[in-house]
There are 2 protein chains.
Amino acid sequence: MKELQKGVCAPQGFRAAGIWCGIRKNQSKADLAMIVSDVPCTAAGVYTKNKVKGAPLLVTQAHLADGHAQAVICNSGNANTCAPNGMEIAEETCALAAEALGLRPEDLIVASTGVIGKEMDIEPFRRGIPQLAAALSPDGSEAAARAIMTTDTKVKEVAVEFTAGGKTCRLGGIAKGSGMIHPNMATMLCFLTTDAAVSPAMLQKALSEDVPDSFNQVSVDRDTSTNDTVTILANGLAGNPEIAAPGPDYDAFAAALAYVTRRMSFLIASDGEGASHTIVCQVTGAPDKETARAVSRSVISSNLFKAAIFGRDANWGRILCAIGYTEAEFDVSRVDVTLRSQAGSVLVCRQAAHSPYSEEEASKILSEEVVTVLVEMHQGSGEATAWGCDLTYDYVKINGDYRT
Amino acid sequence: MKELQKGVCAPQGFRAAGIWCGIRKNQSKADLAMIVSDVPCTAAGVYTKNKVKGAPLLVTQAHLADGHAQAVICNSGNANTCAPNGMEIAEETCALAAEALGLRPEDLIVASTGVIGKEMDIEPFRRGIPQLAAALSPDGSEAAARAIMTTDTKVKEVAVEFTAGGKTCRLGGIAKGSGMIHPNMATMLCFLTTDAAVSPAMLQKALSEDVPDSFNQVSVDRDTSTNDTVTILANGLAGNPEIAAPGPDYDAFAAALAYVTRRMSFLIASDGEGASHTIVCQVTGAPDKETARAVSRSVISSNLFKAAIFGRDANWGRILCAIGYTEAEFDVSRVDVTLRSQAGSVLVCRQAAHSPYSEEEASKILSEEVVTVLVEMHQGSGEATAWGCDLTYDYVKINGDYRT
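Every value quoted in this text rests on a predicted model; they were computed, and no experiment measured them. (Residues numbered from 1 in each chain as written. Chains lettered and ligands numbered in written order. Predicted model: local features only at pLDDT ≥ 70, side-chain atom pairs only at ≥ 80, totals over all residues. Heavy atoms only, no water.)

Asks: Can you lay out the interface of chain A and chain B for me, pointing to particular residues and giving the numbers?
Replies: The interface is formed by 52 residues belonging to chain A together with 52 residues belonging to chain B. Both faces considered, chain A and chain B share a buried interface measuring about 4,500 Å² in area, 56% of it formed by carbon and sulfur atoms. Counting every contact that joins chain A to chain B gives 0 salt bridges. Between the two partners, chain A and chain B, sit 1 residue pair in polar contact (both at pLDDT 80 or more). When residues of the side of chain A that touches chain B are traced back to their parent elements, those giving at least two are helix 8 (303-310), helix 9 (316-324), strand 13 (353-354) and helix 11 (393-400) of chain A. (Contact = heavy atoms within 4.5 Å. Buried area = accessible area lost by both parts, 1.4 Å probe. Salt bridge = Lys/Arg side-chain N within 4 Å of Asp/Glu carboxyl O. Polar contact = N/O pair within 3.5 Å; in protein donor to acceptor, adjacent residues only side chain to side chain. Helix = DSSP H or I, 4+ residues; strand = E, 2+ residues; numbered from the N terminus.)

Below is the structure:
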């Protein structure tokens with residue numbers, strides 16, 4: 001898969017921008033982002049399963065019910081969740097953005113991220129949205145990506161090129177992640193764009209089928225957020241015949257989507273709050289796919305194992321323990337575990353028991369930034385990957401005084 | 001309920017001891033404990049639901065199958081789990097203890113706690129068990145409680161007096177907890193004794209029905225251990241007519257058991273690895289008991305909320321978020337949340353939205369060692385309590401280099 005620059009603006013006909021409008025007090029951190037397509041798009045979304053849902057999420061769900069949208073407006077600094085005036089603010093935000101762009105409010109995807117339960121003021125949006133619309137540019141993806149960041153330390157942009165119906169198409173995205181991140185959701189915020197022509201039904205199908213193996217396999221802290229949203233806009237400017245049914249073109253599109261979302265999942269895990277290591281768990285040989293997903297999530301979610309990785313301690317007993325409390329049916333006694341990184345690879349556990357290895361070598365492997373845990377279950381063909389990060393002093397620090 | 005001293009030795013006819021036998025390198029930390037009744041006992045146990053189970057747990061399950069036992073032998077420093085010779089070691093330990101005590105090996109409850117996956121040597125047991133038997137004393141509960149501690153910082157002993165069949169009876173216990181502690185299990189290690197006469201069936205019933213509202217409601221780190229075991233020995237020396245059916249005597253016994261296990265649950269949470277605050281979550285008005293349990297567990301398990309409590313930050317949005325991702329059916333929009341401690345009480349959230357309060361007052365409340373979160377759901381009569389602790393730098397430190 002060929003990677004491209006420019007994130008959400010890699011596909012033709014998309015512009016983006018990010019500015020500071022005053023939702024945050026700190027002027028040096030942008031807090032309002034916009035993405036817009038030159039022409040109407042088909043659209044799809046996946047949302048958090050948390051019963052507490054941000055007001056913007058509910059508005060976006062309603063707007064995407066017809067399978068169409070044309071722009072995204074998103075703020076950071078306030079999640080607009082559990083706030084008394086939330087729905088009004090979210091709807092007013094769409095109305096202001098629609099006015100500035102010459103669209104209908106229903107053409108807007110709206111999202112918010114930040115502190116939960118803080119009342120939201122419409123004034124910054126009123127002042128900021130016209131400026132934001134004026135700043136839209138085909139080079140604006142990075143600015144938009146920066147404006148949606150909260151405790152994120154790295155900009156998250158991915159884009160690729162693929163071929164469908166004989167035409168070169170592009171698919172790109174921006175995301176924010178970092179904290180309050182755990183499977184069983186759509187996830188964090190991720191806005192995707194493509195210039196491929198895809199019917200609303202196929203777009204929703206592709207996104208819904210992709211998320212269980214990408215964003216739902218990421219965990220930073222086992223806290224499923226209230227505002228998690230992934231959306232995709234497809235404007236058709238690549239000129240391919242509309243992908244309206246399963247087939248080779250749909251498969252090419254789904255593969256591009258999978259590439260972008262998995263890469264994004266890795267980036268979100270890598271930039272987990274306070275993280276010093278990225279942990280990737282690859283499970284093979286599971287009785288089925290769902291078990292492989294659950295086992296890999298269980299490993300990367302274990303606080304004890306995460307703390308051990310921070311300490312570069314090959315404490316594989318904690319991996320076995322986390323595999324063992326996974327809620328799924330399987331034979332744990334056949335499981336092998338290997339630790340791998342750029343520095344090498346070492347089998348630490350064979351058939352659920354100690355396998356002799358050099359602690360020195362293991363510690364060298366765990367000194368690398370990205371550590372992979374390979375779990376071979378030897379009882380079927382189910383496979384899955386999950387992405388997480390270590391548990392560090394900085395996670396505690398960041399979350400001990402997030403609001404102050 | 002009248003509290004007593006002497007833990008497992010508070011009931012008549014029980015002796016206990018704890019010594020260092022060399023399982024640990026550090027001679028200053030005892031590593032082997034024994035509890036014995038002067039006469040045969042009825043017995044019951046509840047065990048971890050982790051699919052990876054320590055060898056001693058499997059041996060204990062087999063020994064308790066007939067509802068009888070007379071003594072407990074337990075080591076710390078090595079969990080005897082995922083070790084190739086685990087079953088032999090556990091069985092040999094019982095044989096050595098039985099020989100020293102003049103009992104049959106099947107009369108023994110055996111347990112181990114410590115690092116997973118480390119090969120276990122029988123030699124320290126062979127040397128230590130005769131010494132341990134010689135040290136048994138009616139004042140030995142504290143020594144036994146110390147010998148089963150791992151990263152625990154406080155001795156955990158509880159005992160009470162109650163009346164059944166017109167006789168004064170006693171029920172006591174010792175426990176170890178601290179890390180790798182999460183619901184969905186029996187839990188950690190807890191050994192209970194009573195001089196009440198209780199039939200094996202009623203003893204098992206009382207223990208099985210108690211655990212869902214006591215130890216299963218404790219979480220330190222969401223990691224369900226491989227060795228969690230709770231057992232109870234009842235020797236009948238109080239002289240009450242055997243409790244062999246439900247009725248007032250059974251209820252009195254169950255109430256004493258509930259008192260001890262809930263107090264023990266609080267102590268385990270308070271001594272959670274690195275904890276600086278104990279968090280108690282009391283849920284009322286839930287649609288049913290199971291929902292109340294799940295919601296309270298969800299709150300005390302949230303890493304984000306735990307880190308906020310460490311920072312004395314009344315970030316109630318994280319409480320709402322954790323309530324919202326609980327897997328149960330309920331209406332989150334009716335929920336009120338109050339924070340309470342010795343310093344006062346403050347309503348922070350009414351009907352799932354911000355309720356005006358003084359941040360200064362809230363911070364004062366959160367400065368106390370024990371913080372209670374009251375969740376009133378206003379949709380039924382289900383109630384439950386869960387016990388947890390905050391997430392601190394020290395949790396990361398302890399678990400970043402547990403083995404070194």
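The structure having been displayed, the exposition proceeds.
Asks: An account of the relation of the copies chain A and chain B is needed here, citing residue identities and associated values.
Replies: For the pair chain A and chain B, the relating rotation is 180°, the translation along its axis is 0.0 Å, and the fit reaches an RMSD of 0.0 Å. With respect to symmetry, the two chain copies, as superposed, fit the operation of a two-fold axis. Using C-alpha coordinates, one finds that chain A approaches the rotation axis most closely at Tyr393(A), a distance of 2.6 Å. In this assembly the copies share their binding face: 100% of the residues contributing to the interface of chain A also contribute to that of chain B. (Least-squares fit on C-alpha atoms with pLDDT ≥ 70 in both.)

Asks: Tell me about the side chain of Ser112(B), and name the residues and values.
Replies: Relative to the elements of secondary structure, Ser112(B) occurs in strand 5 (residues 108-113). Those residues in contact with Ser112(B) that lie beyond four places of it in its chain are Pro56(B), Asn75(B), Asn78(B), Ala79(B), Asn80(B), Met120(B), Leu189(B) and Asn227(B).

Asks: How would you explain unusual backbone geometry if you had to name every residue and give the values?
Replies: Of note in this structure, Gln351(A) is not a glycine but carries a positive phi near 50°. Along the chain, Gln351(A) turns up in the loop between strand 12 (344-350) and strand 13.

Asks: So what's going on with the sheet that holds strand 12 (residues 344-350) of chain B? Residues and values would help.
Replies: Residues and elements named next belong to chain B. As summarised here, the arrangement of the 6 strands in space is 13-12-11-14-10-15, forming an open sheet in which the pairing is mixed. Both edges of this open sheet fall to strand 13 (353-354) and strand 15 (382-389), since each of them pairs with a single strand only. Note that strand 11 (residues 336-341) and strand 12 share 5 bridges and pair antiparallel. Bridging from a neighbouring strand, Arg340 pairs with Ser345 of strand 12. Contacts from helix 7 (residues 289-301) reach strand 10 (278-286), strand 14 (370-376) and strand 15, with the element oriented near 20° to strand 15. Strand contacts of helix 9 (residues 316-324): strand 11, strand 12, strand 13 and strand 14, with the helix running at about 125° to strand 11, the strand carrying the most contacts. (Pairing = 2+ DSSP bridges. Axes fitted to C-alpha atoms, helices over the stretch in contact; angles between N-to-C directions.)

Asks: Kindly report on the environment of Pro241(B), identifying the contributing residues and their values.
Replies: Residues and elements named next belong to chain B. In this fold, Pro241 is placed in the loop between strand 9 (229-234) and helix 6 (248-270). Measuring from C-alpha to C-alpha, the distance between Pro241 and Glu161 comes to 17 Å, with 80 residues separating the pair along the chain. The contact partners of Pro241, leaving out residues within four places of it in the chain, are Gly165 and Ala197.

Asks: Hey, could you go over the packing of aromatic side chains for me, with residue numbers and the actual values?
Replies: Within the structure shown, the criterion is met by 5 aromatic pairs over all chains. Look at Phe162(A) and Phe253(A): their rings are 6.1 Å apart centre to centre, the planes differ by 55°, and that puts the pair in the tilted class. Note that Phe162(A) is positioned in strand 6 (residues 156-164) and Phe253(A) in helix 6 (residues 248-270), a separation of 91 residues in sequence. Both residues of the pair, Phe162(A) and Phe253(A), count as buried. Measuring from centroid to centroid gives 5.3 Å for Phe310(A) and Tyr393(A), while their planes differ by 85°, and the two rings are edge-to-face. Here the residue Phe310(A) occupies a position in helix 8, and Tyr393(A) occupies one in helix 11, the gap between them amounting to 83 residues. Taking the relative accessible area as the measure of exposure, Tyr393(A) reaches 31% and is therefore partly exposed. In textbook terms, an aromatic cluster arises when at least three aromatic residues are bridged by ring pairs, as seen for Phe310(A), Tyr393(A), Phe310(B) and Tyr393(B). (Phe/Tyr/Trp six-rings, centres within 6.5 Å; stacked < 30°, edge-to-face > 60°. Buried < 20%, exposed > 50% of the residue type's maximum accessible area, 1.4 Å probe, protein only.)

Asks: Which residues make up the environment of Cys94(B), and what values go with them?
Replies: All names here are of chain B. By secondary structure assignment, the location of Cys94 is in helix 2 (residues 86-101). Spatially, the C-alpha atom of Cys94 lies 43 Å from that of Ala328, the residues being 234 residues apart in sequence. Excluding its chain neighbours within four sequence positions, the residues that come into contact with Cys94 are Val59, His63, Pro105, Leu108 and Val110.

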